[in-house]
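Coordinate analysis (summary)
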Amino acid sequence: MSDSEAEKKKILLAMYSKAQAAFLKKSFEEEGFSVVTANDGIRAVQLASAVHPDCALVSTDLPVIDAYAFSRILKNTDYLRDIAVVIGTADDGENFSFWTNNCKSDASCPLSSAGSGTIVNTVRQAIERNSGIKKGERKGLSSSVSFIKLLGDAYDKELYGLYVTREAYKIESQRYELKTLIQTMGKTMRSVLDFDAFSLILKGERLVEIYMFSDQLDDVEIADFKQIARADFDAKSDVVGGNDWQNSWKLQDHFKAVRNNGRKTSKIRSYEKFPLEEEKTIDEIPYTAHLGICRDLLSNNRTRERVGEFISIYTPLIKKTIEFKQIEEAERRVEKAFSRFLPLSVIKGIIKDESSFGESAGEKRQVAILMADIRNFTAISEKNSPENVVDFLNMFFAKMGKIIIAHGGTIDKFMGDAVMALFGAPESYIYNGNRAANAALEMSRVAREIDTSLLNMGGHEFRIGIGINYGTPIVGALGSEEKKEYTVIGDDVNLASRVESLTKRYGAEILITESVKKDIDAVQEAEKEKELPATEEGSLPHLIRHIDNVKVKGKTHAVRIYALSTDDKEYSDSFLENYRKGLNQYEIGNFKTAEEYFLLANGETPGDKATQELLDRCKKLFEEKPKDWDGAIALTTK
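Since we're looking at a predicted model, the values are computed, not measured.

All right, on to the sheet that holds strand β3 (residues 55-59) then. Strand order in this open sheet of five strands is β2-β1-β3-β4-β5, and the pairing throughout is parallel. The sheet terminates laterally at β2 (34-38) and β5 (107-110), the two strands that pair on one side only. On average, each strand axis in the sheet is inclined to that of its neighbour by 20°, with strand direction left out of account. Relative to β5, strand β4 (residues 84-89) runs parallel, the two being bridged by four bridges. Directly across from V86, in β5, lies its bridge partner A107. In the packing of helix α3 (residues 41-51) onto the sheet, contacts are made with β1 (10-14) and β2, and the angle to β1 comes to roughly 170°.

Right under this line is the structure:
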C-alpha cells in the first residue's frame with residue numbers, strides 16, 4: 001500500500017484508556033492514517049456513523065457498549081458493515097478468540113504486548129479484506145431516536161440470526177449420542193477457556209457424573225477433583241447420608257492440553273463451582289458443574305460469568321440427551337418384553353404412536369385367524385403335576401410364538417392349552433392367509449419334535465390341531481378404560497375356532513377354509529409368473545386336500561374345508577384320486593357311487609379318519625337322502 005493510499009484511510013480508535021489511545025493515535029498518524037477517537041461505546045457508534053472510517057480498532061475495555069457489542073452493531077447495519085472492525089484485547093492471560101470469532105469482527109490483536117507496527121499491519125489487512133464491500137453512506141446520529149433505531153435494527157438482525165441458529169441447533173442436537181455431545185461441548189468450551197478439569201453432575205431418575213480431564217493431570221489430581229465435585233454436589237442436593245456414588249452412571253473423557261508447561265503433570269490452581277447462583281436447577285433437576293484450571297484464570301469475574309452462561313446453555317441439552325437415552329433404554333426393554341408376542345416392526349410402531357394400537361375404533365380388516373390346540377391335553381394334565389404342566393406349556397408356547405412372529409403374525413391370546421394368532425392385524429401383508437398357512441406347517445413340524453419325556457403322556461401321542469380362516473373380522477380395542485385388549489371379533493373368528501375343532505373329527509393336524517386356499521393359490525401363481533413381491537413369503541412344500549363341505553354350528557352357508565399337510569407324499573396318487581371322485585359324487589347326491597370310491601380309498605389307507613367319516617355318512621344318506629341337498633352336512637356340535 002502506497003503512502004498516498006494510506007493518507008486516505010481513516011481509523012476510529014475506541015478505547016477507555018486515553019493514554020493508550022494517544023499512543024496509538026500518534027503511531028497511525030505517522031503511517032498516514034486520519035484518526036478519530038472515542039472513549040465510550042455510544043460515542044464510538046456515533047462517530048462510526050458520522051465519519052464512516054475504513055476501520056475501527058476497539059479495545060475490550062470500552063465502557064457502556066463493549067467491543068463485541070460494537071462489532072455486532074456495525075456488522076448488522078447495512079451502511080456500516082463495510083467498516084473493518086479489529087478487536088484489541090487488553091489481557092493476554094485470557095482466551096478471547098471465541099468471542100472475537102463470534103462477534104463478526106474482522107480481526108483481533110493484543111494491545112499490551114504487540115508493537116504498534118503489528119497493530120497497524122493488522123488494521124491494514126482488515127481494511128484490505130473489506131475493500132470489496134460496497135462503501136456505505138455517512139449518517140448523523142444526533143438524536144436519541146436515530147441512535148435507538150440504529151441499535152434496534154442491528155439487534156433485530158442479530159436476534160433473528162441467533163433464533164435461526166438455535167432452531168438448527170435444537171434439531172441437530174437431537175441426533176447426538178451423549179458421548180459425542182460431551183466431546184463437542186468440551187471442544188467448544190476449550191475455545192472459550194483453556195481448562196484442565198470439568199465435571200457436570202445431574203440427578204434426575206438416576207445420578208449422572210460426566211468428567212473431562214486434560215493429560216496434564218495425574219490419577220491423584222483427578223481423584224481429588226472428583227472428590228471435591230461430589231462433595232459440592234452433596235452439599236447442594238442436601239441428601240441425608242450423601243448420594244449413592246457407587247451406582248451412578250459415569251462418563252469420562254480425556255483430551256490433550258492446549259498448553260504444555262513442560263511438566264509431566266500439573267496441579268489445579270483455580271477451581272469454581274457453577275452455577276454461581278444458589279439453588280439453580282434445570283426443570284427442577286438439581287445439577288452442578290465444576291471447573292479446574294492449572295493456571296489462575298478463574299479469578300476474573302467476567303470469565304466466571306461467561307463460563308457460567310456457557311454451562312447453563314449446554315446443561316439442559318445434556319439433560320435432555322440423558323432423558324432421551326433413558327427413553328431409548330426403556331423402549332428396548334419394552335421391545336424385548338413384547339417381542340415374544342408381536343413382530344418387532346409392530347412394537348416400534350406402538351412405541352412411536354400409541355394411537356396406532358389399541359385406541360383406534362373398530363374397523364373391518366382382512367385378517368387370517370389361526371387357532372392351535374393341544375390334543376388330549378385334559379387327560380395329559382390330569383396325570384402330571386401342575387408345575388410340570390405349566391413348565392411344559394411355557395416351553396410349548398415359546399416355540400409356537402417364535403414361529404408365529406417369524407411369519408409376520410401376532411399372538412392375540414393364550415387360552416389354556418390353546419393359542420390364537422392373527423395375520424393381518426396390527427401389521428398387514430398382501431398374502432396374510434399364506435403366511436398363516438406357512439406358520440401352521442412349521443408349527444406342526446416343530447410340535448412333532450417336542451420332547452415330552454418329562455410328562456406322563458398316558459399313552460397319548462403329542463399332537464396339535466390347527467384351524468385357519470381368512471376373512472374380514474372387526475379389529476380394534478375392546479374392554480374398559482382400565483384395561484383394553486387389541487383383538488378381533490366376528491363370524492370369521494368363530495369359524496376359525498370351529499374349523500380347528502373339526503381337526504379331531506377328520507384326523508387332520510391342519511384344516512383351512514377355502515379363503516385361505518385361494519390366498520395360497522394366488523402366491524403360487526405369483527411365484528410361477530415371478531411376480532411375488534420381495535416383502536412376501538413364498539409357499540412352503542405342502543399338500544392341500546379337499547376334505548369336506550360343512551355347515552358349522554351357527555352357520556347356514558356351506559364352507560369348503562381343506563387339510564393342509566406338511567408331507568406332499570403322505571398319500572398315494574390313487575388314494576387322492578378316489579377320494580376326490582368320491583367327494584364329487586357326494587356333493588351332487590350320488591351317495592351310492594360316492595360310497596364305492598370311498599371304499600377304494602379306504603382300502604388303500606385304512607387309517608384315514610376323513611375317508612371313514614365320509615364313508616359312514618354316505619351309507620346313512622343313501623338310506624335316507626335329505627331334502628334340499630346342497631352338498632354340505634350341517635354339524636350340530638362344536
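Below, the discussion takes up the packing of helix α18 (residues 591-604) against helix α19 (residues 609-623). Look at α18 against α19: their axes get within 9 Å of each other, and the N-to-C directions meet at 155°. As the angle between them shows, α18 and α19 are arranged roughly antiparallel. Like other packed secondary-structure pairs, α18 and α19 cross with a definite hand, here left-handed. Taken together, the residues of α19 that come into contact with α18 (itself represented by F591, K592, A594, E595, F598, L599, A601 and N602) are T611, Q612, L614, L615, C618, K619, L621 and F622. By residue class, the composition of the contact of α18 with α19 is ten nonpolar, three polar and three charged.

What the rule picks out here adds up to 17 aromatic pairs. Between F195 and F255 the ring centres are 5.3 Å apart and the planes differ by 65°, which places this aromatic pair in the edge-to-face class. Taken together, the residues F195 in the loop between α8 (178-192) and β6 (197-203) and F255 in strand β8 (residues 249-255) connect sequence positions 60 residues apart. Here F195 matches F255 in class, with each residue buried. Consider the rings of F396 and F397, whose centres lie 5.5 Å apart with planes at 55°: the pair is tilted. Assigned by exposure class, F396 and F397 land together as buried. Every member of this aromatic cluster is reached through a ring pair, and the members are F392, F396, F397, F414 and F462.

Criteria and cut-off values
- Residues numbered from 1 in each chain as written.
- Predicted model: local features only at pLDDT ≥ 70, side-chain atom pairs only at ≥ 80, totals over all residues.
- Heavy atoms only, no water.
- Pairing = 2+ DSSP bridges.
- Helix = DSSP H or I, 4+ residues; strand = E, 2+ residues; numbered from the N terminus.
- Axes fitted to C-alpha atoms, helices over the stretch in contact; angles between N-to-C directions.
- Contact = heavy atoms within 4.5 Å.
- Parallel < 35°, antiparallel > 145°, perpendicular 65-115°, else oblique.
- Left-handed = near helix turned anticlockwise from the far one by under 90°.
- Nonpolar A, V, L, I, M, F, W, Y, C, P; charged D, E, K, R; others polar.
- Phe/Tyr/Trp six-rings, centres within 6.5 Å; stacked < 30°, edge-to-face > 60°.
- Buried < 20%, exposed > 50% of the residue type's maximum accessible area, 1.4 Å probe, protein only.

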